[in-house]
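Structural characterization, general
Chain by chain, the residues:
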Amino acid sequence: MPPNLPFQNFFMSNDKNTPAPGNAPSSNFVRAIVESDLAAGTHQRDGLPPVITRFPPEPNGYLHIGHAKSICLNFGLARDYAGLCHLRFDDTNPEKEDQEYVDTIMDSVKWLGFSWEREGQEHLYYASDYFEQLYKMAEYLIEKGHAYVDSQSAEDMAKNRGNFGTPGTNSPFRDRPAAESLQLFRDMRAGKYKDGEHILRAKMSEDAMASPVMTNRDPALYRIRHAHHHRTGDAWCIYPMYDYTHPISDAIENITHSLCTLEFQDHRPFYDWLVETLAEGGFFNKPVPRQYEFARLNLTYVVTSKRKLRALVDDGTVTGWDDPRMPTIVGLRRRGYTPESIQLFCERIGVSKADGWIDMSTLEGALRDDLDPKAPRAIAVLRPLKLIVDNFPEGESVECSSPVHPHHPELGKRTFPFTRELWIEQEDFMETPTKGYFRFTPPVGDQPGSRVRLKYGYVVECTGYDKDADGNVIAVHVKYFEDSKSGTPGADNYKVKGNITWVSAASALEAEVRLYDRLFLDPQPDAGGKDFKSVLNPNALETVTAYLEPGMKDAVADQRFQFERHGYFVADRVDSQPGKPVFNRVTTLKDSWGK
């Protein structure tokens with residue numbers, strides 16, 4: 001009989017904007033700050049929502065799971081407090097940025113379930129849109145004595161900056177007249193100097209170079225870079241630094257809560273000084289934005305350094321940025337993670353100021369909790385062994401059935417044939433059984449072979465097995481009991497301890513299945529200066545030829561299933577073809593690493 005797959009269009013991948021998981025928001029200090037500001041009316045401004053956040057990636061690589069935390073935090077706050085979240089590209093470093101990264105970042109944010117649109121207006125911004133404003137503000141800072149052009153070499157500048165135990169030394173150009181610095185700065189813009197010949201630096205106070213905070217020691221504002229920009233072309237040969245651009249961009253966009261990770265905590269004094277100074281100059285209205293820092297995501301068994309991830313791509317350790325072993329959002333998506341599971345994970349780990357490590361099992365647990373209630377079930381045999389039912393008529397078949405989902409009877413049943421030759425897992429036969437083994441074992445002397453129920457089918461009894469010339473078991477022989485079919489009155493007459501999955505050899509779908517695991521064996525692969533490549537997991541990918549119940553031929557890219565007893569799998573979004581899906585293991589049914 002032809003297979004019946006009523007679920008082929010049900011529970012499809014939700015690759016579009018998705019609502020937040022149904023869990024109530026967890027408590028965190030950022031929410032407490034936002035709620036306090038709302039109660040006090042801190043950011044009450046005509047025509048603007050009282051909460052405006054932003055997600056400001058640099059388009060120089062692919063986003064990873066750490067960025068997902070920031071995305072969920074910033075867009076989640078805007079969603080939960082009737083606010084607005086901007087997507088802003090910090091594109092001030094033309095040598096490393098590319099439109100490819102802009103496109104993938106936008107796609108990743110949308111896939112995670114968020115939007116930068118509000119009431120029909122798109123809030124998509126680029127720091128490069130502000131280049132002219134940033135330049136004018138830099139001129140203002142020079143004119144007011146808050147900035148100067150430094151002409152030291154890079155070596156002298158680094159030497160005079162001092163270190164954490166030694167105060168810095170003022171640049172010999174620090175007291176350069178404002179008019180001279182202004183002309184030099186304009187000549188820098190006009191392209192009259194080479195890269196590195198001059199730099200514009202801030203002067204936060206007269207004794208700034210003695211500050212115990214290194215980032216306060218006359219931070220750089222502009223550098224010369226004769227480089228082509230992916231949006232502005234060759235219009236500029238000077239580019240603003242991130243620490244200068246970021247707070248100004250926040251202020252221009254009326255951001256209320258500027259959220260960043262803890263490594264930027266030392267940069268906050270400059271952030272506050274810059275926006276306050278420019279507000280006094282009439283560039284911004286008060287209140288100006290405030291910066292708040294939270295702990296970045298440190299997830300075990302992954303690296304999130306863009307440099308190290310790029311090395312894995314460049315040396316062929318992985319197949320690309322979207323390799324399912326990568327912690328990139330495109331990699332997680334191809335692996336089979338859902339937007340809802342990542343949102344749930346980010347909600348569960350919360351937001352704090354304390355650095356710590358989150359175990360990978362927390363992410364995988366969120367995935368299982370999301371998939372279990374909605375992933376259709378299917379049977380797959382990953383390491384096949386032939387099972388021959390000697391007393392079943394050759395060339396005939398009997399239809400068996402199983403629920404599409406055990407907790408959703410309204411979805412109906414899926415059907416598959418029982419035939420003379422079947423595939424079972426190799427581990428379901430043991431020539432010399434160990435204690436407590438309840439699957440197929442052969443007869444010994446007068447002792448008959450074991451009886452096992454073929455799930456959704458019949459009870460069978462092992463009668464023997466075949467070996468090849470090398471002594472490998474290549475087939476198991478059984479006899480079936482015709483009155484033992486599951487779902488019939490006779491099934492209750494047979495009490496067996498073993499219950500195994502199977503597929504018909506005649507009608508099974510032969511498919512490539514990729515068994516992905518964690519990329520590293522060490523929970524902190526790059527901590528303490530370790531060579532992260534030395535702890536790569538050699539078993540992070542195993543590719544097998546598996547046999548699946550016949551209805552799986554209709555699976556489409558990004559459709560997720562629970563393969564009974566094996567875990568959760570997804571039809572690969574790149575390599576699957578109509579009628580010929582390729583499956584990736586998303587995760588196992590249980591955490592095997594915690595044992």
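Residues numbered from 1 in each chain as written. Predicted model: local features only at pLDDT ≥ 70, side-chain atom pairs only at ≥ 80, totals over all residues. Heavy atoms only, no water.

What counts is decided by this rule: UniProt positions are given in the numbering used here, feature names are shortened, and annotations may be inferred rather than shown by experiment.
Where an unreviewed UniProt entry is consulted, the protein chain appears under the name Glutamine--tRNA ligase, with the organism given as Massilia timonae CCUG 45783. If you open the UniProt record of the protein chain and go to Subunit (unreviewed entry), you find "Monomer."

**Thoughts on the confidence of the model for the protein chain**
Quick note on the threshold: On a scale of 0 to 100, pLDDT captures the predictor's confidence in every residue. Between two residues, a contact is recorded if the distance between any of their heavy atoms is within 4.5 Å.
Put simply, the protein chain has an average pLDDT of 93, and 95% of its residues get 70 or more. Note on residues 1–26: pLDDT under 50 across the span, and 70 contacts to partners over four residues away in sequence or across chains.

**Some points on the pattern of salt bridges**
A side chain with one charge may pair with a side chain of the opposite charge, provided their charged atoms come close. The condition is simple: Definition used for salt bridges: Asp or Glu carboxyl oxygen within 4 Å of a side-chain nitrogen of Lys or Arg. Note on conventions: DSSP H or I runs of at least 4 residues are helices, E runs of at least 2 residues are strands, and numbering of each starts at the N terminus. Exposure categories follow from relative accessible area, calculated using a 1.4 Å probe and restricted to protein chains: below 20% of the type maximum is buried, above 50% is exposed, and the middle band is partly exposed.
Applying the stated criterion to the full structure yields 48 salt bridges. E549 serves as the salt-bridge partner of R414, at 2.9 Å between the closest nitrogen and oxygen. Note that R414 is positioned in strand β16 (residues 413–418) and E549 in the loop between β24 (541–548) and β25 (560–563), a separation of 135 residues in sequence. For the residue pair R414 and E549, the accessibility class agrees, reading buried in each case. The shortest N-O distance in the salt bridge between K479 and E461 comes to 4.0 Å. Of this pair, K479 sits in strand β20 (residues 473–480) while E461 sits in strand β19 (residues 459–467); the two residues are 18 residues apart in sequence, bridging distant segments of the chain. Judged by relative accessible area, E461 falls into the buried class, the value being 9%. If you follow the salt bridges from partner to partner, you end up with D322, R334, E512, R514, D572 and D575 in one network.

**Topic: the side chain of T277**
The criterion, for reference: Polar contacts here mean pairs of N or O atoms no more than 3.5 Å apart (in protein, one a potential hydrogen donor and the other a potential acceptor; neighbouring residues in sequence count only if both atoms are side-chain atoms).
The topology assignment puts T277 in helix α8 (residues 268–280). Owing to a relative accessible area of 8%, T277 belongs among the buried residues under this scheme. For T277, the side chain forms a polar contact with the main-chain oxygen of W273, separated by 2.7 Å. Setting aside anything within four residues of it in sequence, one finds T277 in contact with Y140, L141 and H146.

**Structural notes on the UniProt feature "short sequence motif: 'HIGH' region" (unreviewed entry) in the protein chain**
Here the UniProt feature "short sequence motif: 'HIGH' region" (unreviewed entry) sits at residues 57–67. Counting secondary structure, residues 57–67 comes out at 27% helix and 0% strand; the distance between its end C-alpha atoms is 8 Å.

**A word on the domain arrangement of the protein chain**
What counts is decided by this rule: The split into domains, and so the bounds of each, comes from an automatic or database assignment of domains.
Looking at the assigned domains, one finds that the protein chain contains domain 1 (29–127 + 245–349), domain 2 (130–240) and domain 3 (381–403 + 418–500). Just the C-alpha atoms count here: the centres of domain 1 and domain 3 sit 55 Å apart.

**Considering the side chain of T587**
Mapped onto the secondary structure, T587 falls in strand β27 (residues 583–587). Of note is the side chain of T587, whose polar atom sits 3.3 Å from the side chain of R368. Among all residues touching T587, those that are not within four sequence positions of it are E364, L367, R368, G567 and Y568.

**Topic: the nonpolar core**
Inclusion rule: By nonpolar core is meant a set of buried Ala, Val, Leu, Ile, Met, Phe, Trp, Tyr and Cys residues that side-chain atoms within 4.5 Å join together.
The biggest cluster of nonpolar side chains holds 41 residues, and the ones touching the most others in it are I71 and I342. Elements that contribute at least two residues to this core include exactly α2 (65–80), β2 (84–89), α3 (99–111), β5 (124–126), α10 (329–335), α11 (339–349), α12 (360–371) and β26 (567–571). When residues of this core are assigned to their parent elements, the largest contribution, six residues, is made by α2. Dropping the residues within four chain positions of it, I71 is found in contact with F55, L63, G76, V109, L112, F114 and I329. In this structure, F185, I238, Y244 and A279 belong to the second largest nonpolar core, which totals 38 residues.

**Digging into the sheet that holds strand β8 (residues 220–224)**
For the record, the criterion: Strands were regarded as paired on the criterion that DSSP finds at least two bridges between them. Angles run from 0 to 180 degrees between N-to-C directions of axes, and those axes are lines fitted to C-alpha atoms, restricted for helices to the stretch in contact.
With antiparallel pairing, four strands are arranged side by side in an open sheet as β6-β7-β8-β9. Strands with a single pairing partner mark the edges of an open sheet, and in this sheet they are β6 (147–150) and β9 (238–240). Along the sheet, successive strands turn relative to each other by an average axial angle of 20 degrees, direction set aside. Of the pairings in the sheet, the one linking strand β7 (residues 199–202) to β8 comprises three bridges and is antiparallel in character. Within the sheet, the bridge partner assigned to L200 lies in β8 and is Y222.

**What about the environment of S36?**
Its location among the elements puts S36 in helix α1 (residues 29–40). As a C-alpha pair, S36 and S171 span 135 residues in sequence and 43 Å in three-dimensional space.

**Observations concerning the environment of F569**
Summarising the element assignment, F569 is placed in strand β26. Judged by its relative accessible area of 0%, F569 falls in the buried class. Once the C-alpha coordinates of F569 and E394 are considered, the two residues, 175 residues apart in sequence, prove to be 33 Å apart. When residues no more than four places from it in sequence are discounted, the contact partners of F569 are L382, V513, L515, Q559, R560, F561, F563, F583, N584, R585 and V586.

**Concerning the packing of α11 against α12**
What counts here: To sort the angles, those under 35 degrees are grouped as roughly parallel, those over 145 as roughly antiparallel, those from 65 to 115 as roughly perpendicular, and the leftovers as oblique. Take the far helix as the reference: if the near one is turned anticlockwise from it by less than a right angle, the crossing is left-handed, and if turned clockwise, right-handed.
Between α11 and α12, the shortest axis-to-axis distance is 8 Å and the interhelical angle comes to 130 degrees. Taken together, the axis directions place α11 and α12 in an arrangement best described as oblique. Relative to α12, the crossing made by α11 is right-handed. Of the residues in α12, those in contact with E340, S341, L344, F345, R348 and I349 of α11 are T362, L363, G365, A366, L367, D369 and D370.

**A closer look at the packing of helix α4 (residues 131–143) against helix α6 (residues 178–189)**
To keep it simple, the criterion reads: Residue polarity is assigned by list, with Asp, Glu, Lys and Arg as charged and Ala, Val, Leu, Ile, Met, Phe, Trp, Tyr, Cys and Pro as nonpolar; anything else, Gly included, falls into the polar class.
Contact geometry for α4 and α6: axes closest at 8 Å, N-to-C directions at 160 degrees. The angle between the axes of α4 and α6 places the two elements in the roughly antiparallel class. Of the two possible hands of crossing, α4 and α6 adopt the one that is right-handed. The segment α4 lies against α6, with E132, Y135, A138, E139, I142 and E143 engaging A178, S181, L182, F185, R186 and R189. Its residues assigned to classes, the contact of α4 with α6 shows six nonpolar, one polar and five charged.

**So, α3**
To keep things clear, this is the line we draw: How far a helix is expected to stretch is found by multiplying one less than its residue total by 1.5 Å.
A rise of 1.5 Å per residue sets the reference length of α3, with its 13 residues, at 18 Å; its end C-alpha atoms lie 18 Å apart and thus fit the reference within 8%. Looking at α3, one finds that the buried residues are Y101, V102, T104, I105, M106, S108, V109 and W111. Two or three places before E100, at the start of α3, stands the capping residue D98, its side-chain oxygen 2.8 Å from that residue's backbone nitrogen. Just past α3, the residue G113 takes up positive phi, approximately 105 degrees.

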